[in-house]
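The primary structure of each chain is shown beneath.
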Amino acid sequence: MAVQGIIVENLSVGYGAGAVVQEVTVRAEPGTVTTLLGPNGCGKSTLLKAMSRVLNPMAGSVWVGEDNLHRLKAAAAARRVALLPQQPVCPEGLTVGELVARGRHPHRGLLHRDTAQDRRALRRALELTHTQDLVDNQVQRLSGGQRQRVWMAMVVAQDAPVVLLDEPTTFLDPAHALEVLELTRQLAGEGKTVVMVLHDLMSAAGVSDQIVVLKEGRVFTRGTPEETLTPQVLADVYRLQAEVWAEPRNGGNLVIAPRGFTAD
């Protein structure tokens with residue numbers, strides 16, 4: 001499928017009668033990584049669920065290319081958008097190979113037969129996530145970090161033009177977290193549109209082309225890491241007093257040094 005971006009237009013979404021996300025507009029382009037930041041409860045995961053068709057919007061729309069995502073059938077939507085949720089659930093007894101293969105379901109015909117393309121996609125997904133040695137293991141017997149990498153492999157195998165990741169570095173040690181973040185850059189380099197939720201501000205600064213900062217269900221600011229991760233924004237959104245500077249010995253990546261909290 002051709003490279004495609006994702007556009008969220010005036011989206012309001014929530015649970016029951018209340019809107020958690022209100023009138024949010026976000027545009028993520030092919031070949032880029034966009035990171036959603038903000039304090040707990042600001043609507044990041046809710047927004048990602050609406051962008052993946054897990055939640056239906058109360059108002060507004062989500063577009064992938066020229067398609068309104070919420071008007072597509074499930075398989076067609078899954079060919080366009082792949083989601084790694086915050087707390088994925090795996091059926092008991094499923095092996096790593098079987099779980100990762102589920103990423104190919106949207107591409108299979110009525111007979112559900114594996115094709116050479118399916119096998120190539122599975123092999124590549126396992127290699128990119130360094131999970132090929134786990135393929136015969138039961139998912140439930142893996143460590144938390146191993147399971148997270150296996151779920152990431154399933155998303156890669158899905159080979160959708162838009163990839164949504166909700167806290168993809170959860171449970172990972174620093175080395176494997178760095179591998180996953182580098183993988184997001186590789187996927188973007190292949191033309192995919194990557195949108196993810198992170199909590200680590202410096203990781204977000206190092207990997208993102210665009211950062212969207214949410215506060216109380218609305219977009220507080222958006223732009224490059226340098227434009228969004230300023231001391232004033234950190235104070236206004238997180239109540240965090242911090243110094244921020246670019247580190248020339250680390251490619252100019254931002255360094256964020258917390259110094260305390262602002263007064264209410």
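The structure under discussion appears in the preceding block.
Now for a description of the structure that goes with this document. (Residues numbered from 1 in each chain as written. Predicted model: local features only at pLDDT ≥ 70, side-chain atom pairs only at ≥ 80, totals over all residues. Heavy atoms only, no water.)

**Let's talk about the overall build of the chain**
Condition: Helical segments are the DSSP runs of H or I of at least four residues, strand segments are the runs of E of at least two, and each set is numbered from the N terminus. Here the globule rule is a power law, 2.2 Å times the number of residues to the power 0.38, and the radius of gyration is based on C-alpha atoms. In this scheme, a residue with accessible area under 20% of its type's maximum is buried, one over 50% is exposed, and one in between is partly exposed, where area comes from a 1.4 Å probe on protein chains only. Contacts are residue-level and defined by heavy atoms, with any inter-residue pair within 4.5 Å sufficient.
For the chain, the helix and strand inventory stands at nine helices and 12 strands. Against the compact-globule benchmark of 18 Å for 264 residues, the chain has a radius of gyration of 19 Å, which places it among compact chains. Each principal axis of the C-alpha distribution contributes one length, and for the chain these read about 60 × 40 × 35 Å. Counting only residues that meet the buried cut, the chain has 49% of its 264 residues in that class. Restricting to contacts in the chain with at least 6 residues of sequence separation, those with at least 24 account for 62%.

**Some details on the side chain of serine 52**
Along the polypeptide, serine 52 turns up in the loop between helix H1 (44–51) and strand S4 (59–64). For serine 52, the residues in contact, after removing those within four places along its chain, are Leu69, Val81, Leu83 and Leu164.

**What to know about the packing of helix H4 (residues 116–128) against helix H5 (residues 144–158)**
Geometrically, a packed helix pair is captured by the angle between its two axes and the distance between the axes. Going by this rule: Axis lines are fitted to C-alpha atoms, over the contacting stretch for helices. Their N-to-C directions set the angle, which ranges from 0 to 180 degrees. Between 65 and 115 degrees an angle is taken as roughly perpendicular, under 35 as roughly parallel, over 145 as roughly antiparallel, and anywhere else as oblique. Less than a right angle of anticlockwise turn of the near helix away from the far helix marks a crossing as left-handed, whereas a clockwise turn marks it as right-handed. Think of it as three bins: nonpolar holds Ala, Val, Leu, Ile, Met, Phe, Trp, Tyr, Cys and Pro, charged holds Asp, Glu, Lys and Arg, and polar takes everything else, Gly as well.
As a packed pair, H4 and H5 sit with axes 8 Å apart at the nearest point and diverge in direction by 140 degrees. The angle between H4 and H5 places the two elements in the oblique class. Our pair here, H4 against H5, has a crossing hand that is right-handed. From H4, Ala121, Leu122, Arg124, Ala125 and Leu128 reach across to H5, where they touch Ala153, Val156 and Ala157. Of the residues that constitute the contact of H4 with H5, the class distribution is seven nonpolar, no polar and one charged.

**Overview of the nonpolar core**
Applicable threshold: Only buried residues count toward a nonpolar core, which is a set of Ala, Val, Leu, Ile, Met, Phe, Trp, Tyr and Cys residues joined through side-chain atoms within 4.5 Å.
Residues Val96, Val100, Leu165 and Leu229 are the most contacted members of the largest nonpolar core, which totals 50 residues. When residues of this core are assigned to their parent elements, the largest contribution, eight residues, is made by H5. Setting aside chain neighbours within four positions, we find leucine 165 in contact with Leu48, Leu84, Met152, Val155, Thr184, Val194, Val195, Met196 and Val197. In this structure, Leu48, Leu69, Leu72 and Val162 belong to the second largest nonpolar core, which totals 29 residues.

**Concerning the pattern of salt bridges**
As a reminder of what qualifies: The rule for a salt bridge is simple: a side-chain nitrogen of Lys or Arg has to be within 4 Å of a carboxyl oxygen of Asp or Glu.
Taken as a whole and judged by the stated rule, the model has nine salt bridges. A salt bridge links arginine 108 to aspartate 114, with the nearest nitrogen and oxygen atoms 2.6 Å apart. Taking the relative accessible area as the measure of exposure, aspartate 114 reaches 43% and is therefore partly exposed. For aspartate 159, the salt bridge identified is with lysine 192, shortest N-O distance 2.8 Å. Residue aspartate 159 is located in the loop between H5 and strand S7 (162–166), and its partner lysine 192 is located in the loop between helix H6 (174–189) and strand S8 (193–197); the two are separated by 33 residues in the primary sequence. Classification of lysine 192 as buried rests on a relative accessible area of 11%.

**Some words on the sheet that holds strand S10 (residues 218–223)**
Within a sheet, each strand pairs with its neighbour through backbone hydrogen bonds, oriented either parallel or antiparallel. Formally: Pairing between strands requires that DSSP locate at least two bridges from one strand to the other.
Spatially, six strands are ordered S6-S7-S8-S3-S9-S10 in an open sheet, and the strand pairing comes out mixed. Where the open sheet ends on each side, the last strands, each with one partner, are strand S6 (81–84) and S10. Pairs of neighbouring strands in the sheet enclose a mean axial angle of 15 degrees, with direction left out of account. Alignment of strand S3 (residues 33–37) against strand S9 (residues 210–215), held across four bridges, turns out to be parallel. When the bridges of S9 are listed, leucine 36 appears paired with valine 212. Of the strands in this sheet, S3, S9 and S10 are in contact with helix H9 (residues 231–238), which crosses S9 at around 35 degrees.

**Some details on the sheet that holds strand S5 (residues 67–68)**
One open sheet accounts for four strands, arranged S2-S1-S4-S5; its pairing is antiparallel. Of all the strands in the sheet, just strand S2 (18–28) and S5 have a single pairing partner and so form its edges. Lying on the sheet, H1 is in contact with strand S1 (6–15), S2 and S4; it crosses S1 at an angle near 120 degrees.

Limitation: the analysis is restricted to geometry and does not speak to function.
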